[in-house]
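Residue-level listing of the chains:
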Amino acid sequence: MYRTNTCGELCAANVNQEVVLCGWVQKVRKIGGVIFVDLRDRYGITQLVFSQLVNANVCNKAIELGREWVIQIEGKVVERSNKNSGMPTGDIEIIVSKLNVLNPSEVPPFTIEEDTDGGDDLRMKYRYLDLRRTLIRSNLELRHQMIFAIRSYLNKHNFLEIETPVLISSTPEGARDFIVPSRTNQGEFYALPQSPQLFKQLLMVAGLDRYFQIVKCFRDEDLRADRQPEFTQIDCEMSFVEQEDILRIFERLTKYLFKTIKEIDLPDFVRLSYADAMRFYGSDKPDIRFGMQLVEIKDITIGKGFAVFDESEYIGAIRVEGCASYTRKQIDELTDFVKRPQIGARGLIYVRCNSDGSLKSSIDKFYSVDDLRKWRDRIGAKQGDLILILCGKTKETQKQLSELRLEIGSRLGLRDKNQFKCLWVIDFPLLEYDNESNRFFSKHHPFTSPKQEDIALLETNPEIVRANAYDMVINGTEIGGGSIRIHSCELQEKIFTILGFSEERARSQFGFLMNAFKYGAPPHGGIAFGLDRFVAVFAGLNSIRDCIAFPKNNSGRDVMINAPSIISYGQLNELHLKIDT
Ligand code: ASP
């Protein structure tokens, strides 16, 4: 038996017991004739005491111990004279009588403690050491608990967990595919799934009724804090359902997770149409932990000789409560923020609603106090508030205002990571027109059903057709999204045509699906949650990387195993591939 206990469980009740512990040496302190060692395992840290007076032999052996050595000790649990209430095992320590070095360690390249001196790259290179840190480990524990609860909930609701293949052909989710060359089929390639979308629909045609899978998906996209080239979805599909059924069952799943894991009772989720989300927040994933909604003011600002406004398609404002006293420097900072290339605004206009009732704007030259009062009243600003205004093309400006709103929300501490605000964004447009390629794209994916009442508009005004599609958003993060699917072969064909697929291409890429629809496809729909994002929101993390055991870096690299890497000439040959250099 390697151990009688873990390093996280001994307390005052165990005093006088003889125990055997195993773990890693986190810290060694020598004070006089005594050596204190913090021994760490997955469950916690226990203080060991090696004393010249009690056992000189063992104490002399302990002098050699270095950080991250793996040891086994035997000893007696005693009460500590100076207790550490910040530690679960802080009431006790172990007087060691036997020391067995199981494996020495080289000096680790960074400190393996809560606060580490290791930079990102170093930590990723030695991720197995990084994972010894409590912080990262507890994220993985949380991830496990969430997966466990999700499986239990879905199992209780009749969902079957079914695996779908990884070597497939393209599934259009709007990203680039990762491609795998086939050795046995010369010149042909598999694509890794961007999602199991088509398979889960086929499982519904197969009559399996309720499916789920906790599944890796692959998208070759530019990486961000909340994106990895491979990520995990909780992928679900149901038959004989309408949008309302799906929203209800997955809202309950989310409430169940918050209750079982965080002991939080969530109220019913807010529902916001896509149009309102854009109008009030400039975003289809609004953070509704705080107000500061966008207010359109074009009708009361144009026609006064201020060309910048007069030439704008959209003029919108936000009210920053209590910030009229922002200094020039603070306003300049916000101006610089909106002018950053990633945001792209041309400038920022402000109106201070001073506490003496006066109004002061950065464009006083063009507007009278009466004009400014009208704006103030529309925006609902009070004395002491600051009004910030952006203008330009509608979509772009709403997006810029959204970024500004989030930035100010963060600066003012309105985005508390311990507060959770969940909502559904519904009624997404079915299609989006791309001016560069002059064609429509699916806003969600091509299998999304239009709203029944909008189907006629497909012929005349496809751009205003709404979809039976929905996203779940928590604290400004899109946690999940899905739709009711098309289950008629004719409608699916029509959508492919609108999306610019030739009949031949649609048939060669998706013929199997359209064929399946001819053999009794039930009405169906589903949703997929981004598990990594879900865990990150629960853990209060800004990046999904720290809730993934072995993530990739910002250039899609695994620096620990050095992937991607070149392959041998022999391998290339076998795959009938040549690299152009
Ligand atoms: N397959 C979709 C996605 O990955 C989700 C769904 O429609 O169920 O976004």
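As the structure is a prediction and not an experimental result, all values here were calculated from the model.

Conventions used here
- Along every chain, residues carry numbers that run from 1 in the direction the sequence is written.
- This being a predicted model, a pLDDT of at least 70 is required before a residue's local features are given, and a value of 80 or more before pairs of side-chain atoms are given or counted; all residues contribute to the totals for chains, interfaces and linings.
- Side-chain metrics rest on all non-hydrogen atoms present in the structure, leaving aside hydrogens and water.
- Starting at the N terminus, helices and strands are each numbered in turn, a helix being any DSSP run of H or I of at least four residues and a strand any DSSP run of E of at least two.
- Buried means the residue's accessible area, taken with a 1.4 Å probe over protein chains only, is under 20% of the maximum for its type, while exposed means over 50%, and partly exposed covers the values in between.
- Residue burial considers only the protein chains on display, and all accessible areas are found by Shrake-Rupley using a 1.4 Å probe.
- Here, the term nonpolar core denotes a set of buried Ala, Val, Leu, Ile, Met, Phe, Trp, Tyr and Cys residues that are joined through side-chain atoms within 4.5 Å.
- Residues are treated as being in contact if the distance between any of their heavy atoms lies within 4.5 Å.
- Residue proximity to a molecule or strand is established when one non-hydrogen atom of the residue lies within 4 Å of it.
- Any pair of N or O atoms that falls within 3.5 Å is considered a polar contact. Within protein, one atom must be able to donate a hydrogen and the other to accept it, and sequence-neighbouring residues count only if both atoms are side-chain atoms.
- Amino acids outside the nonpolar list (Ala, Val, Leu, Ile, Met, Phe, Trp, Tyr, Cys, Pro) and the charged list (Asp, Glu, Lys, Arg) are all regarded as polar, and Gly is one of them.
- Should DSSP find at least two bridges between two strands, the strands are taken to pair.
- Helix axes are fitted to C-alpha atoms over the stretch in contact, other axes to C-alpha atoms as well, and angles between N-to-C directions run from 0 to 180 degrees.
- Note on aromatic pairs: the rings of Phe, Tyr and Trp (six-membered ring only in Trp) are paired at centre separations within 6.5 Å, and the planes decide the class, stacked below 30 degrees, edge-to-face beyond 60, tilted for the rest.
- Geometrically, a lysine NZ or arginine CZ counts as sitting over a ring once it is within 6 Å of the ring centre and also within 35 degrees of the ring normal.
- Working convention for charge: Lys and Arg count positive, Asp and Glu count negative, and His plus the chain ends are omitted.
- Any Lys or Arg side-chain nitrogen found within 4 Å of a carboxyl oxygen on Asp or Glu counts as a salt bridge.

Draft legend 1. Region of interest: the overall build of the protein. Helix and strand content of the protein: 16 helices and 22 strands. Reported as C-alpha extents along the three principal axes, the dimensions of the protein are approximately 90 × 75 × 55 Å. Here the protein holds 581 residues, and the buried ones make up 48% of them. If you sum the accessible surface of the protein, you get close to 29,000 Å²; carbon and sulfur atoms cover 49% of it.

Draft legend 2. Summary view of the nonpolar core. Leu154, Phe250, Trp424, Phe529 and Phe534 are the most contacted members of the largest nonpolar core, which totals 43 residues. Other than its neighbours up to four places away in sequence, phenylalanine 534 contacts Met146, Ile234, Thr254, Leu257, Ile474, Ile479 and Phe529. One finds Leu272, Leu431, Ala467 and Ile495 within the second-largest nonpolar core, a separate group that totals 34 residues.

Draft legend 3. Spotlight on unusual backbone geometry. Proline 564 follows alanine 563 through a cis peptide bond whose omega is 0 degrees. For proline 564, the position within the fold is in the loop between helix 15 (531–539) and helix 16 (569–574). The backbone of glutamate 263 shows a phi angle near 55 degrees, a positive value even though the residue is not glycine. Within the fold, glutamate 263 resides in the loop between helix 6 (243–262) and strand 11 (270–273). Non-glycine residue asparagine 438 carries a positive phi angle of around 55 degrees. Position of asparagine 438 relative to the elements: it lies in the loop between strand 18 (431–434) and strand 19 (439–442).

Draft legend 4. Fine view of the site of the ligand. Neighbouring the ligand are 14 residues; Glu173, Gln197, Lys200, Gln233 and Arg485 lie closest to it. Interatomic distance of 3.0 Å between a side-chain N/O atom of histidine 445 and an oxygen atom of the ligand. Those elements that place two or more of their residues in the shell around the ligand are helix 5 (197–205), strand 21 (477–484) and strand 22 (524–530). Top element by residues in the shell around the ligand is strand 22. It accounts for three residues. Its residues assigned to classes, the shell around the ligand comprises two nonpolar, eight polar and four charged.

Draft legend 5. Summary view of the sheet that holds strand 21. Strand order in this open sheet of eight strands is 6-9-10-22-21-20-17-11, and the pairing throughout is mixed. The sheet is open, and its two borders are formed by strand 6 (160–161) and strand 11, each paired with just one other strand. When strand 21 meets strand 22, the two strands line up antiparallel, connected through five bridges. Residue pairing in the sheet places glycine 481 in a bridge with alanine 528 of strand 22. Each of strand 6, strand 9 (210–218) and strand 10 (230–239) is contacted by helix 4 (residues 134–156), which is oriented at about 150 degrees to strand 9, the strand it contacts most.

Draft legend 6. Quick look at the environment of asparagine 542. Positionally, asparagine 542 belongs in the loop between helix 15 and helix 16. Separated by 125 residues in the primary sequence, asparagine 542 and lysine 417 place their C-alpha atoms 9.6 Å from one another.

Draft legend 7. Here's a closer look at the packing of aromatic side chains. Within this structure, the stated rule accounts for 24 aromatic pairs. Each ring, one from phenylalanine 159 and one from phenylalanine 250, has its centre 6.0 Å from the other, and the planes form 65 degrees; the classification is edge-to-face. Taken together, the residues span a long stretch of sequence, with phenylalanine 159 in the loop between helix 4 and strand 6 and phenylalanine 250 in helix 6 at a distance of 91 residues. Residue classification places phenylalanine 250 among the buried residues on the basis of a relative accessible area of 1%. The rings of Phe159, Phe250, Phe258, Phe420, Phe529, Phe534 and Phe538 are connected pair by pair, giving a single aromatic cluster. One cation-aromatic arrangement involves arginine 439 over phenylalanine 441; the distance from NZ or CZ to the ring centre is 3.9 Å. If you follow arginine 505 out to its NZ or CZ, it ends over the ring of phenylalanine 501, 4.1 Å from the centre.

Draft legend 8. Broad picture of the side chain of glutamate 93. Its place among the elements puts glutamate 93 in strand 5 (residues 92–103). Buried charge without a salt bridge: glutamate 93, with arginine 80 as the nearest opposite-charge side chain at an N-O distance of 4.1 Å. Polar contacts involving the side chain of glutamate 93 include one to the side chain of glutamine 47, which spans 2.8 Å. Sequence-distant contacts of glutamate 93, that is, excluding residues within four places in its chain, are made with Phe36, Gln47, Val49, Lys76, Val77, Val78 and Arg80.

Draft legend 9. Structural context of the pairing of strand 2 (residues 34–41). For strand 2, the tally of buried residues reaches seven of eight residues, placing the bulk of the element in the interior. Here strand 1 (residues 18–31) pairs with strand 2 via seven bridges, running antiparallel. Across the sheet, the residue bridging to valine 25 is leucine 39, located in strand 2. Where strand 1 folds back on strand 2, the antiparallel hairpin that results is connected by two residues, among which glycine 32 adopts a positive phi of roughly 60 degrees. Linking strand 2 to strand 3 (residues 44–51), which pair antiparallel, is a turn of two residues.

Draft legend 10. Fine view of the pairing of strand 5. Pairing of strand 3 with strand 5, which is carried by two bridges, proceeds in the parallel orientation. Bridge pairing links valine 49 to isoleucine 95 in strand 5. Note: strand 4 (residues 70–79) against strand 5, ten bridges, orientation antiparallel. Residue pairing across strands places glycine 75 opposite valine 96, the latter belonging to strand 5.

Draft legend 11. A look at the sheet that holds strand 15 (residues 359–361). Read across the open sheet, the five strands follow the order 12-13-16-14-15; overall the sheet is antiparallel. Sheet topology places strand 12 (295–296) and strand 15 at the edges, where each strand pairs with a single neighbour. The pairing of strand 12 with strand 13 (residues 314–320) spans two bridges and is antiparallel. Across the sheet, residue valine 295 finds its bridge partner in strand 13, namely alanine 317. Across the sheet, helix 11 (residues 394–411) touches strand 13 and strand 16 (386–392), and the angle it forms with strand 13 is around 10 degrees.

Draft legend 12. Seen up close, the pattern of salt bridges. Scanning the entire structure with this criterion turns up 51 salt bridges. Between aspartate 546 and arginine 127 there is a salt bridge, with the nearest N and O atoms lying 3.7 Å from each other. Of this pair, aspartate 546 sits in the loop between helix 15 and helix 16 while arginine 127 sits in helix 3 (residues 127–130), placing them 419 residues apart in sequence. In this pair, the class of aspartate 546 matches that of arginine 127, namely buried.

Shape descriptors only; they carry no functional weight alone.
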